[in-house]
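# What the coordinates show
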Number of protein chains: 4
Amino acid sequence: MAKADWTLTSIMARRGVGAKRKPAVHDLTEARQGKYHYTIGPYSDPVLTVAPGDRIRVETRDAFEGAIRTERDKPSKRLRLPFVNPQNGPIMIEGAEPGDAIAVHIESMAPRGENPHGTCCMIPEFGALTGTALTATLNAPLPEIVRKVPIEGKSVRWSDRVTLPYAPHIGTLSTSPEIDSINTLTPDAHGGNMDLPDMGPGSITYLPVRAPGARLFIGDAHACQGDGEVCGTAVEYASLTTIRVDLIKGWTLDWPRLEREEFIMTIGSARPLEDAARIAYRELVRWMAADYGFDQWDAYMMLSQCGRVRLGNFVDPKYTVGAAISKNYLQS
Amino acid sequence: MAKADWTLTSIMARRGVGAKRKPAVHDLTEARQGKYHYTIGPYSDPVLTVAPGDRIRVETRDAFEGAIRTERDKPSKRLRLPFVNPQNGPIMIEGAEPGDAIAVHIESMAPRGENPHGTCCMIPEFGALTGTALTATLNAPLPEIVRKVPIEGKSVRWSDRVTLPYAPHIGTLSTSPEIDSINTLTPDAHGGNMDLPDMGPGSITYLPVRAPGARLFIGDAHACQGDGEVCGTAVEYASLTTIRVDLIKGWTLDWPRLEREEFIMTIGSARPLEDAARIAYRELVRWMAADYGFDQWDAYMMLSQCGRVRLGNFVDPKYTVGAAISKNYLQS
Amino acid sequence: MAKADWTLTSIMARRGVGAKRKPAVHDLTEARQGKYHYTIGPYSDPVLTVAPGDRIRVETRDAFEGAIRTERDKPSKRLRLPFVNPQNGPIMIEGAEPGDAIAVHIESMAPRGENPHGTCCMIPEFGALTGTALTATLNAPLPEIVRKVPIEGKSVRWSDRVTLPYAPHIGTLSTSPEIDSINTLTPDAHGGNMDLPDMGPGSITYLPVRAPGARLFIGDAHACQGDGEVCGTAVEYASLTTIRVDLIKGWTLDWPRLEREEFIMTIGSARPLEDAARIAYRELVRWMAADYGFDQWDAYMMLSQCGRVRLGNFVDPKYTVGAAISKNYLQS
Amino acid sequence: MAKADWTLTSIMARRGVGAKRKPAVHDLTEARQGKYHYTIGPYSDPVLTVAPGDRIRVETRDAFEGAIRTERDKPSKRLRLPFVNPQNGPIMIEGAEPGDAIAVHIESMAPRGENPHGTCCMIPEFGALTGTALTATLNAPLPEIVRKVPIEGKSVRWSDRVTLPYAPHIGTLSTSPEIDSINTLTPDAHGGNMDLPDMGPGSITYLPVRAPGARLFIGDAHACQGDGEVCGTAVEYASLTTIRVDLIKGWTLDWPRLEREEFIMTIGSARPLEDAARIAYRELVRWMAADYGFDQWDAYMMLSQCGRVRLGNFVDPKYTVGAAISKNYLQS
């Protein structure tokens, strides 16, 4: 099977210290998680310790932690910042030390519960096409609207008129910063709320280790999402997400990276949006030079002909851009 | 044939006043063009007048107007701003009046000359990963490098190691502003240097008419280009580009739009980059509401689940973003 | 008199070719001007030709060209873009050639007419604290409000409660670009709508010459203005503005510069706002190195200790920043 | 004495619960501080608890924590991020609870040690006129240069040629976020590295309380600084800074505010820079409406005529802008 094949030659498979181990399987249920987290840092107590190569089945909560129950709920009444986007973790990876990277292979994502629904809503002063707390305006806010969206097998029933494909991915995936602790709405060099639709089953994300044990956090499952997540939310749902994690010693990353069967991708998060794109493309030039034998100027000029960009988060305190190159062009 | 089929039901086919006419064919050769243009406005003399529905075969020059002949040429010696990115035109479309739109269907693009080569170069203080005239720094500029790239049938021979697909498109397509005249490096609400890889054969671009006759300008053919054109240039080449133009009366556009078989797209150009994306997505919300029967908030929230973004130009005085939605989701 | 003194040692006095000439005086009345201009470029007919060192008394119109007559007028009904911010000119300066600079000393500004009033208004989707055509949002626009403000001698009677000092300046001052023509709302490397409160009586502005004769445009008088002109408009009024112009041969400027008794200033206009500030500060480093004998790194580090920034326009298609250094620190 | 006078009618004097108390005096020496902090949050142990109205004499370290000892030191060798800009604190203010504000009156700042010197340096990829970690470029970095600058009484001896006035201020002043912990280079809604030259002796800063006890952090003394701190550093020095703190119950601030004898100021920190300015101006409009009896639209339009902007930090992960209005215009 193609998907199985490519992961056997992934960076994770080639460099992960646990790649050949028979994975132990861990269940990070809601009960085991207990309190979910709203800030990503080195100050919280671990909920789980795993060995490189292990598999973890994670019960994620939706980004509103279930507080928006019906289409009549007002987000402004039910939510209070910064207590949104709850995260599972921190999960400690044995042997992970600052300067290493961890790999997170998302193997599968399924909705939890009977008759699963996702939730999408418009929240005052939140989203791409409204004044916000940062792009501060005096305009009246947009209306608050909640949509409860059935997730039925391979489909997301947006409306009577439109059915979208179920295209799940993880919105927020992080390791801990060295000394800071960053709210779960903000993407940055540690990962965070990147909201990249590529980060679903069939993807491997590589994250920098900056605190002992890496301290992996995961959450914010989306049943589908457009580029930019413009209204501020995706089809947010409670998931059972199965990941396999591994450890790559001595691979020091400045920013997160992602691998799929067809491409490798670097991820930058910043404002203004051009800085996110600059970061991602510079990382990609450097990666091509360091690991694939390209001269840096050849890589730069060549990406000008074949680089591909994916807009992630563009509604939160920082914006996310992925820059990718097809593996076809990396062969030597 | 699929391509033929979809254009028969395109917006251009349904609303263009010349759609049913048998097209006259015009040749806009280098000789007929005479002087190429470096600024897009109402002050230049027309080179051609066509009827809606007509076909035009345009001999475009490369973005350097052929001044970079070998890999030993220094761009800083051979080029002088603002005299780059030469444009054919202005072409007058009969009957076009302010408040209308014109449609430009790109039918085919072929390299001109024997043994065709494209040119890619790094120009001092130009590109996405360097200080520039606007993102002003005191760093020494990057080196000047020129690449001459063979275009061989369906392939672009980037290097001994890498061959890219020939994926031609038009970088710069414009109608005239009402009273301004804008250099050919800058994209804006009139079109301009958008550098969108989607704008190749199989695409129809819709541009606002703001001056009598529309005053169509076209140029800047690329044999291929990555999202963002990060080093500042694509594989720039001299092309024979065949377009068919039409006129849609009373369709008043604030920004350019694009249609392909699979999707419709709105195009915004601005800085910072998030403003380009905001423009594109707002235009798409409005288009869905005006022409496809969506409530604006439903459109906004739905694009948050299925909108797709293409990064165009992100090296020039303004940046370009296209926001698209699959036609699958537009059916009523 | 102090003001008279300093101008005798200004750059204009030292380098202007007409500094020692007895100035001829020209009156550019409304009648002589005839049609005012809304775009700055090389394509309009000169209204006046002057010699370096001449004095010109200019009758400027207010930014709305008088169309907003009462506080009950709706700006959205009375104004139509791009036909706002009317400019006098172009004025040809004899002997001015590309590569030179012109100096514009604003000597005095007085309101015209009996019982003079200025006009300030809130225009839909225009201003710093609202979604705009570029920072595109879906929020409802702010209300339209018009204020008619008496200008009484040295005072501007803002309201029953607040009286502001009359602090006049010119909002828009330009030479022509080489081949582009730029609407009068936009500041850029040619000057344009900079809206810098420093550009009043007692200031000398230096502008690059890029078209034969320089083609000077002037307009947009403000009776007072805060930094940024945040609501989108100042106290806009019809003025009699007296300027003296001169020509500095061979002084090639990339961006406008300004001199007052106490400081020299460089002016950058761009988006995002940090790029405007980068441009201004880089120009100032370069100026200090070229004309005042500073090592560039010494200048850069020293401006980090004593540079001063003035925010100009931050409501229009580009934003303006002035960076200044006290003349005290320039003495050798 | 004028300075004494105005503080007696300051907001702090009128609303602070400790204003009438006889202040206890606390010495926060280097020894008492022990470990300095590089991240601002709720996770560190208090070093001192004071009552509202108390005075604290703080021994601040310079931003490099003394690691740059001579002009021959290389910053890149001596510094390691995020361990720069060390902060004293956290200082607990008795009775401070989330929803309150604290006031910090800077009474005096003096250099410490014999023969005091400040340090200014250029650090690779740090500063306004260079590519950085966020505005990522491929250009070679600027040179590393260190300047040791004598501070002599009222003067800062920049060079043989230039002497600047001693104009001390605090670069970094913070309360704790609710659950995040933010590195000391970044300004944000909690204060942080704002680098506003107005924040010196004679100023009162008001900061939001978001964690019990407020958790005040202070550091980053500058002997002088230009607007924007463009090369990335000011004249950084070790100071004895005397502050008086007070508590204002129930004054809930979204962003820091500042008061001096002549004006009140709101402070926004964000990227791009226009968002920092938008935040500051929106806060000022809201403050004028809430506490000074202005209609919001009147305040907005009036600030367009008399608002003043100060550029603070524009070299760090976020940029800072202060927006001010003269107290003259606030009287009713």
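Residues numbered from 1 in each chain as written. Chains lettered and ligands numbered in written order. Predicted model: local features only at pLDDT ≥ 70, side-chain atom pairs only at ≥ 80, totals over all residues. Heavy atoms only, no water.

## Some points on the overall build of chain A
Let me state the cut-off plainly: By the criteria applied, helices consist of DSSP H or I runs no shorter than four residues and strands consist of E runs no shorter than two, each listed in order from the N terminus. When we talk radius of gyration, it's over C-alpha atoms, and the globule rule is simply 2.2 Å times the number of residues to the 0.38. The buried label goes to any residue with under 20% of its type's maximum accessible area, the exposed label to any with over 50%, and the partly exposed label to all in between, with areas taken from a 1.4 Å probe on protein chains only. It only takes one pair of heavy atoms within 4.5 Å for two residues to be counted as in contact.
Each helix and strand counted, chain A has six helices and 20 strands in total. Taking 332 residues into account, the globule formula puts the C-alpha radius of gyration at 20 Å, and chain A, at 19 Å, falls close to it. Projecting the C-alpha coordinates of chain A onto the three principal axes gives extents of approximately 55 × 45 × 40 Å. A burial count over chain A gives 68% of its 332 residues as buried. Sequence separation of at least 24 residues holds for 79% of the intrachain contacts in chain A that already meet a minimum separation of 6.

## Things to note about the interface of chain A and chain B
Which entries qualify depends on this criterion: When two components associate, each loses some accessible surface as probed by a 1.4 Å sphere; the sum of these losses over both components is called the buried area. Note on definitions: salt bridges are taken to be side-chain nitrogens of Lys or Arg within 4 Å of carboxyl oxygens of Asp or Glu. In protein, a polar contact requires one atom able to donate a hydrogen and another able to accept it; more generally it is a pair of N or O atoms within 3.5 Å, and residues adjacent in sequence count only if both atoms are side-chain atoms. When residue character is reported, Ala, Val, Leu, Ile, Met, Phe, Trp, Tyr, Cys and Pro are called nonpolar, Asp, Glu, Lys and Arg charged, and the others, Gly included, polar.
Taken together, the 62 residues of chain A in the interface contact 62 residues of chain B. Together chain A and chain B conceal approximately 5000 Å² of surface at their shared face, both sides included; 63% is due to carbon and sulfur atoms. Where chain A packs against chain B, one counts four salt bridges. A salt bridge links D298 of chain B to R147 of chain A; the shortest N-O distance between them is 2.9 Å. Remark: the boundary between chain A and chain B carries 43 residue pairs in polar contact (both at pLDDT 80 or more). For the side of chain A that touches chain B, the leading source of residues is helix α6 (residues 296-306) of chain A, giving nine residues. Each residue belonging to the side of chain A that touches chain B can be placed in one class, and the counts come to 37 nonpolar, 14 polar and eleven charged.

## Quick look at the interface of chain B and chain C
Opposite the 34 residues of chain B that make contact, chain C presents 34 residues. Taking both sides of the interface into account, the surface hidden between chain B and chain C amounts to around 2800 Å²; carbon and sulfur atoms contribute 58%. Three residues, L138, I179 and R282 of chain B, lead the burial of chain B against chain C; their summed loss comes to 25% of the area buried on that side. Viewed at the interface, chain C and chain B are joined by six salt bridges. Across the pair E125 of chain C and R282 of chain B runs a salt bridge, and its minimum N-O distance is 3.3 Å. The interface formed by chain B and chain C includes 17 residue pairs in polar contact (both at pLDDT 80 or more). Contributions of two or more residues to the side of chain B that touches chain C are made by β12 (182-183), α5 (273-291) and α6 (296-306) of chain B. With five residues, the single largest contributor to the side of chain B that touches chain C is α5 of chain B. For the side of chain B that touches chain C, the residue count by class is 18 nonpolar, seven polar and nine charged.

## With respect to the pattern of salt bridges
For the structure shown, the criterion picks out 88 salt bridges over all chains. Measuring nitrogen to oxygen at the nearest pair gives 4.0 Å for the salt bridge that ties D198 of chain C to R310 of chain C. Of this pair, D198 of chain C sits in the loop between β13 (191-193) and β14 (203-208) while R310 of chain C sits in strand β19 (residues 308-311); the two residues are 112 residues apart in sequence, bridging distant segments of the chain. Residues D198 of chain C and R310 of chain C agree in their burial class; the two are buried. A salt bridge links R21 of chain D to D54 of chain D; its shortest N-O distance comes to 3.2 Å. With R21 of chain D in the loop between α2 (11-15) and β1 (25-28) and D54 of chain D in the loop between β3 (48-50) and β4 (55-60), this residue pair connects regions lying 33 residues apart in the sequence. Of the residues examined, R21 of chain D reaches a relative accessible area of 35% and is grouped as partly exposed. Connected through shared salt-bridge partners, E30, E59, R61, E65 and R112 of chain A make up one network.

## Side note on the sheet that holds strand β5 (residues 87-93) of chain C
All names here are of chain C. The line we're drawing: Here, a strand pair is defined by DSSP locating no fewer than two bridges between the strands. Angular values range over 0 to 180 degrees, each being the angle between N-to-C directions of two axes fitted as lines to C-alpha atoms, with helices fitted over their stretch in contact.
Strand order in this open sheet of five strands is β3-β5-β15-β11-β13, and the pairing throughout is mixed. Where the open sheet ends on each side, the last strands, each with one partner, are β3 (48-50) and β13. Going from strand to strand, the sheet's axes swing by 40° on average, the running direction of each strand aside. In this structure, β5 lies alongside strand β15 (residues 216-222), joined through three bridges in antiparallel fashion. By the bridge assignment, Q87 is partnered in β15 with G219.

## Structural notes on the sheet that holds β1 of chain D
Residues and elements named next belong to chain D. Taken in spatial order, the nine strands of this open sheet run β1-β4-β16-β6-β14-β17-β18-β20-β19, and their pairing is mixed. The strands lining the two open edges of the sheet, one partner per strand, are β1 and β19 (308-311). Strand-to-strand twist in this sheet, taken as the mean axis angle between neighbours without regard to direction, amounts to 25°. As judged from the ten bridges shared by strand β6 (residues 101-111) and strand β16 (residues 239-248), these two strands associate in the antiparallel manner. Bridge pairing in β16 links P111 to S239.

## Considering the confidence of the model for chain A
Interpreting fine coordinate detail is not advised for predicted regions of low pLDDT. Put simply, the test is: pLDDT is defined as a per-residue confidence score from the predictor, taking values between 0 and 100.
In the predicted model, chain A carries a mean pLDDT of 97, and the fraction of residues at 70 or more is 99%. Predicted complex, confidence summary: ipTM 0.97, pTM 0.98.

## Some words on the pairing of strand β6 (residues 101-111) of chain B
Bridge count between β6 of chain B and strand β14 (residues 203-208) of chain B: six bridges; the pairing is antiparallel. Following the sheet pairing, V104 of chain B is matched in β14 of chain B by T205 of chain B.

## Quick word on α5 of chain B
All names here are of chain B. How we decide: A helix's residues, less one, multiplied by 1.5 Å, set its expected span.
Across its 19 residues, α5 extends 27 Å between first and last C-alpha, which sits within 8% of the 27 Å expected from 1.5 Å per residue. The buried fraction of α5 is high, at 15 of 19 residues. Among the residues trailing α5, G293 stands out with phi positive, at a value near 75°.

## Concerning the relation of the copies chain B and chain C
Applied cut-off: Superposition of the copies used a least-squares fit over C-alpha atoms from residues whose pLDDT is at least 70 in both.
Under the fitted operation, chain B is carried onto chain C by 0.0 Å of movement along the axis and a turn of 180°, and the coordinates agree to an RMSD of 0.0 Å. Here the symmetry operator amounts to a two-fold rotation axis. Considering only C-alpha atoms, the residue of chain B closest to the rotation axis is S181 of chain B, which sits at 2.3 Å. A shared interface surface links the copies, since 100% of the contact residues of chain B are contact residues in chain C too.

## Observations regarding the side chain of Q305 of chain C
Note that Q305 of chain C resides in helix α6 (residues 296-306). Under the relative-accessibility criterion, Q305 of chain C is labelled buried at 2%. Polar side-chain contacts of Q305 of chain C include one of 3.0 Å to the backbone nitrogen of V235 of chain D. Discounting chain neighbours no more than four positions away, the residues touching Q305 of chain C are C120, W158, L164, C224, Q225, G226, T233, A234 and V235 of chain D.

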